[in-house]
Amino acid sequence: NAGVTQTPKFQVLKTGQSMTLQCAQDMNHEYMSWYRQDPGMGLRLIHYSVGAGITDQGEVPNGYNVSRSTTEDFPLRLLSAAPSQTSVYFCASSYSTFGVSISGNTIYFGEGSWLTVV
Amino acid sequence: AQSVTQLDSHVSVSEGTPVLLRCNYSSSYSPSLFWYVQHPNKGLQLLLKYTSAATLVKGINGFEAEFKKSETSFHLTKPSAHMSDAAEYFCVVTSYSSASKIIFGSGTRLSIRP
């Protein structure tokens, strides 16, 4: 039972570089999302997806891109890394009912990806 | 619209004394509420969840929370703190709506004094 798997766990980037954070889940969850965690700010939603081929912006989407070509995978792309994107990133997934609602369903998180942009 | 407010950014208690972490929510629809715990440099672990069944919810490691609709609160409690409880705690809300977003509180850091 792998659950939600994030890679890499640690990464150092130079300003302007691009990279992709990988997220995969093996629970057949339709709902997946990406968060960033910064001190004193809790977790803020970057992008989310309610199913393959469907993505939407969260609270802080600028500088990030996502796609959902399969149910299992939800990669997060940093297009041109900036020091302000230094953060801890979490991927999450949940079973959704009625095609959309995740109400009441447990949210599963990856172990996190620590990203530093210098 | 949904929102979650954790009323204390930091709580410090002595080992063996009760723990109270406060959470208030706002939701246009019937909410589902969760508490997650995050130990240093680790991911998030589910402590407990409320989904419109019993209003007093028991979780892992001796934690429990009570859903109070009249007060729009979902406070987390534990009768006796243990050193291993030192961590960051997040209150989370989702609701039965098409928005399908997960809203986090800003977190409460729990410190345990020997």
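Note that the structure is a prediction, hence the values are computed from the model and not measured.

For the rest of this paragraph, the subject is the overall build of chain A. Along its length, chain A carries zero helices and eleven strands. When the helices and strands of chain A are placed in sequence order, the string is β-β-β-β-β-β-β-β-β-β-β. The C-alpha radius of gyration computed for chain A amounts to 14 Å, which stays within 12% of the reference 13 Å derived for 118 residues, consistent with globular compactness. Split into buried and exposed, the 118 residues of chain A put 52% on the buried side. In chain A, 53% of the contacts between residues at least 6 apart in sequence involve partners at least 24 apart.

Here we take up the pairing of strand E5 (residues 31-38) of chain B. Strand residues, when the strand is regular, have side chains that alternate between the two faces of the sheet. All names here are of chain B. Counted residue by residue, E5 has eight buried out of eight residues, so it is predominantly covered. Neither face of E5 is left uncovered, since the one carrying Pro 31, Leu 33, Trp 35 and Val 37 and the one carrying Ser 32, Phe 34, Tyr 36 and Gln 38 both have all their residues buried. Relative to strand E6 (residues 44-50), E5 is paired through six bridges, and the arrangement is antiparallel. Within E6, the position partnered with Gln 38 by the bridge is Leu 44.

With that out of the way, let us pick up the side chain of Arg 44 of chain A. All names here are of chain A. Examined against the element boundaries, Arg 44 turns out to sit in strand E5 (residues 43-51). On the basis of relative accessibility, which here comes to 16%, the residue Arg 44 falls in the buried class. If near-sequence neighbours (up to four positions away) are discounted, Arg 44 is found in contact with Trp 34, Tyr 35, Arg 36, Asp 38, Glu 59 and Val 60.

Per the counting criterion, the structure on display carries five salt bridges over all chains. Among the ionic pairs, Arg 36 of chain A bridges to Asp 38 of chain A, the shortest N-O distance being 2.8 Å. Accessibility classification places Arg 36 of chain A together with Asp 38 of chain A in one group, the buried group. We note a salt bridge from Glu 64 of chain B to Lys 58 of chain B, for which the minimum N-O separation is 2.8 Å. Note on Glu 64 of chain B: relative accessible area 24%, which makes it partly exposed. Residue Lys 58 of chain B is classed as exposed on the basis of its relative accessible area of 61%. Through salt bridges that share partners, Arg 36, Asp 38 and Arg 44 of chain A make up one connected network.

Now for the nonpolar core. Counting residues in each nonpolar core, the largest one holds 26 residues, and the members touching the most others are Trp 35, Leu 48, Leu 76 and Tyr 89 of chain B. Broken down by element, this core gets its largest block of residues, four residues, from strand E10 (residues 87-95) of chain B. In terms of nonpolar packing, the next biggest core, distinct from the first, is built from 19 residues, Ala 92, Phe 109 and Trp 114 of chain A together with Val 92 of chain B among them.

Residues and elements named next belong to chain A. By secondary structure assignment, the location of Ser 80 is in the loop between strand E8 (76-78) and strand E9 (87-94). The class for Ser 80 is partly exposed, based on a relative accessible area of 48%. Spatially, the C-alpha atoms of Ser 80 and Thr 55 are 20 Å apart, while their sequence positions differ by 25 residues. Ignoring anything within four residues of it in the chain, the contact list for Ser 80 reads Gly 16, Gln 17 and Gln 85.

For the rest of this paragraph, the subject is the sheet that holds E8 of chain A. Residue and element names in this part refer to chain A. The strand order across the open sheet formed by four strands is E1-E3-E8-E7, and the pairing between neighbours is antiparallel. The open sheet terminates on both sides in strands that have one partner only, identified here as strand E1 (4-7) and strand E7 (64-66). Strand after strand, the sheet turns through a mean of 20° between neighbouring axes, direction not considered. Across three bridges, the pairing between strand E3 (residues 19-25) and E8 is antiparallel. Its bridge partner being in E8, Thr 20 is matched across the sheet by Arg 77.

This structure, assessed with the given rule, holds two disulfides over all chains. Two residues share a disulfide in this structure: Cys 23 of chain A and Cys 91 of chain A, whose sulfurs sit 1.8 Å from each other. Torsion about the S-S bond of the Cys 23 of chain A and Cys 91 of chain A cystine: about -75°, corresponding to left-handed handedness. Taken as a pair, Cys 23 of chain A in strand E3 and Cys 91 of chain A in strand E9 lie far apart in primary sequence, 68 residues in all. A sulfur-sulfur distance of 2.0 Å marks the disulfide that ties Cys 23 of chain B to Cys 91 of chain B.

What counts as what
- The numbering scheme is per chain: residues are counted from 1 as the chain's sequence reads.
- Here chains are named by letter from A upward and ligands by number from 1 upward, in the order in which they appear as written.
- Whole-chain, interface and lining totals are the exception, using all residues; otherwise, since this is a predicted model, local features are given only for residues with pLDDT of at least 70 and side-chain atom pairs are given and counted only at 80 or more.
- Hydrogens and water molecules were not included; the side-chain quantities draw on all heavy atoms of the structure.
- Secondary structure follows DSSP: runs of H or I at least 4 residues long count as helices, runs of E at least 2 residues long count as strands, and numbering of each begins at the N terminus.
- In this description the radius of gyration comes from C-alpha coordinates, and the expected globular size is given by 2.2 Å times residues to the power 0.38.
- Three exposure classes are used, based on accessible area relative to the maximum for each residue type with a 1.4 Å probe and protein chains only: buried under 20%, partly exposed in between, and exposed over 50%.
- A contact between two residues is defined here by any heavy atoms of the two lying within 4.5 Å.
- In short, DSSP must find at least two bridges between two strands for them to pair.
- Any Lys or Arg side-chain nitrogen found within 4 Å of a carboxyl oxygen on Asp or Glu counts as a salt bridge.
- Only buried residues count toward a nonpolar core. Its members are Ala, Val, Leu, Ile, Met, Phe, Trp, Tyr and Cys residues joined through side-chain atoms within 4.5 Å.
- Only the stretch in contact is used when fitting a helix axis, every axis being a line fitted to C-alpha atoms; angles between N-to-C directions are given from 0 to 180 degrees.
- Defined by distance alone, a disulfide is two cysteine sulfur atoms within 2.5 Å.

Geometric descriptors of this kind do not, in isolation, establish any biological role.
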